[in-house]
Every structure is written in structure tokens, then in C-alpha cells.
Amino acid sequence: MTSAKLDPTDRKILRQLQANSRLTNQELSEKVGLSPSPCLRRLRRLESEGVITGYSVTLDEERLGLPVAIFMSVKLERQVDSALVAFEAEIKKHPEITDCWLMTGENDYLLRVLTPGLKEYETFLTGKFTKIPGIASIHSSVSLRRVKSAHSGIV
């Protein structure tokens, strides 16, 4: 896969949409200094090239009653394809796990788990997660606060 060729105007469009993906084309065109038709053409090109893969809503996890974020580093007993596939299938069954990355290095996976509190995390960990077959070790780190989010822009 090759990287998309983005000029400064494309980057302006992406920054504006990362800040507010609900902008109308008229609003977007005004913010980036284009007339609506060229702005829409650029937007459609960014979508068709796969630079923009979708639009989403950013939720306030604390207002949803999920203020505690825990990062779990997981090492599997075996790092063979069948073990990875089985573990990933199990992970998808648990809504508490909001993100999961396959990693290089000492641990195999990094997971982000959201819960209402530490007691609920303990219940999830001991009642559900540790029952997943093939796990060799788990290391948990409690997040104190988010310092930066991708919602603030990567372009």
C-alpha cells in the first residue's frame, strides 16, 4: 500500500474533519478557503483513496459511566497463528475491551479496557478475562488521565 499524496489543502480538510466530522460541505469549504465544488471533489477523492475510512462519533466515556481506563499487556503461551486467532476471537466477545493491538516486543497484545470502577475491573479480570485459554501473563496499568487523543489531529 502506498501513502496518499496530500497537499496542504488536503491536510486542512482532514484537520477540520477530525475536529468536527459533521461540518457541511459549505462550512468545510469556508474553513479551508475553497469554493464548495472543489472542496467536495477533494473530499470524495480522500474517501475513494481510503485516506478517510469513515465518520464517527466521539463519546465521553466518563458521562457514559466508564471513567476507569486500564491498559493490559498480555503474553500468550504460544505465538502461533492458531493461538492468535483464538485469542482475538475471544477478545471480540467482551465489550469492556475497547481496543486491542497485536504488538512486537515482550508482550503479544495491548488492550484498553473501560469500566465504571476498579471493583468492576477486578470482576471482569477474574471472572472473565483470566478464563480465556492460552494466556501466559497479564500486566495491568490504570490510566490516570488522557493527555492526548487522535481526535486532536494527526495531520
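Residues numbered from 1 in each chain as written. Predicted model: local features only at pLDDT ≥ 70, side-chain atom pairs only at ≥ 80, totals over all residues. Heavy atoms only, no water.

Asks: Residues and numbers for the overall build of the protein chain, please.
Replies: Counting secondary structure elements, the protein chain contains five helices and four strands. Ordering the α and β elements of the protein chain from the N terminus gives α-α-α-β-α-β-β-α-β. The globule rule puts the C-alpha radius of gyration for 155 residues at 15 Å, and the 20 Å found for the protein chain is more than 25% above it. Overall, the protein chain is about 55 × 35 × 25 Å in size when its C-alpha atoms are taken along their principal axes. Of all 155 residues assigned to the protein chain, the portion counted as buried reaches 27%. Contacts in the protein chain between residues at least 24 apart in sequence constitute 65% of all its contacts with a sequence separation of at least 6. (Helix = DSSP H or I, 4+ residues; strand = E, 2+ residues; numbered from the N terminus. Rg over C-alpha atoms; globule rule 2.2 N^0.38 Å. Buried < 20%, exposed > 50% of the residue type's maximum accessible area, 1.4 Å probe, protein only. Contact = heavy atoms within 4.5 Å.)

Asks: How would you summarise the nonpolar core if you had to cite specific residues and measurements?
Replies: With 18 residues, the main nonpolar core has Met 72, Val 74, Phe 87, Leu 111 and Phe 129 as its most contacted residues. Elements supplying a minimum of two residues to this core: strand S1 (68-76), helix H4 (81-91), strand S3 (109-115) and helix H5 (118-127). At five residues, the largest contribution of residues to this core is made by S1. Leaving out residues up to four positions away in the same chain, Phe 129 has contacts with Met 72, Val 74, Phe 87, Ile 91, Ile 97, Leu 111, Phe 124, Ile 135 and Ile 138. (Core = buried A, V, L, I, M, F, W, Y, C linked by side-chain atoms within 4.5 Å.)

Asks: Tell me about the environment of Met 72, residues and numbers included.
Replies: Along the polypeptide, Met 72 turns up in strand S1. When neighbours within four sequence positions are excluded, Met 72 is seen to be in contact with Tyr 109, Leu 110, Leu 111, Val 113, Tyr 121, Phe 124, Leu 125, Phe 129, Ile 138, His 139 and Ser 140.

Asks: Provide a residue-level description of helix H2 (residues 25-32), including the pertinent values.
Replies: Those residues of H2 that sit buried are Leu 28, Ser 29 and Val 32. For H2, the angular spread of buried residues about the axis comes to 100°, placing them on one side. Opposite its buried face, H2 presents the exposed residues Glu 30 and Lys 31, each directed more than 90 degrees away. Where the residues of H2 are buried, they touch helix H1 (8-19) and helix H3 (36-48). Taken from the residues just after H2, Gly 33 is the one with a positive phi, measuring 80°. (Arc of directions from axis to C-beta.)

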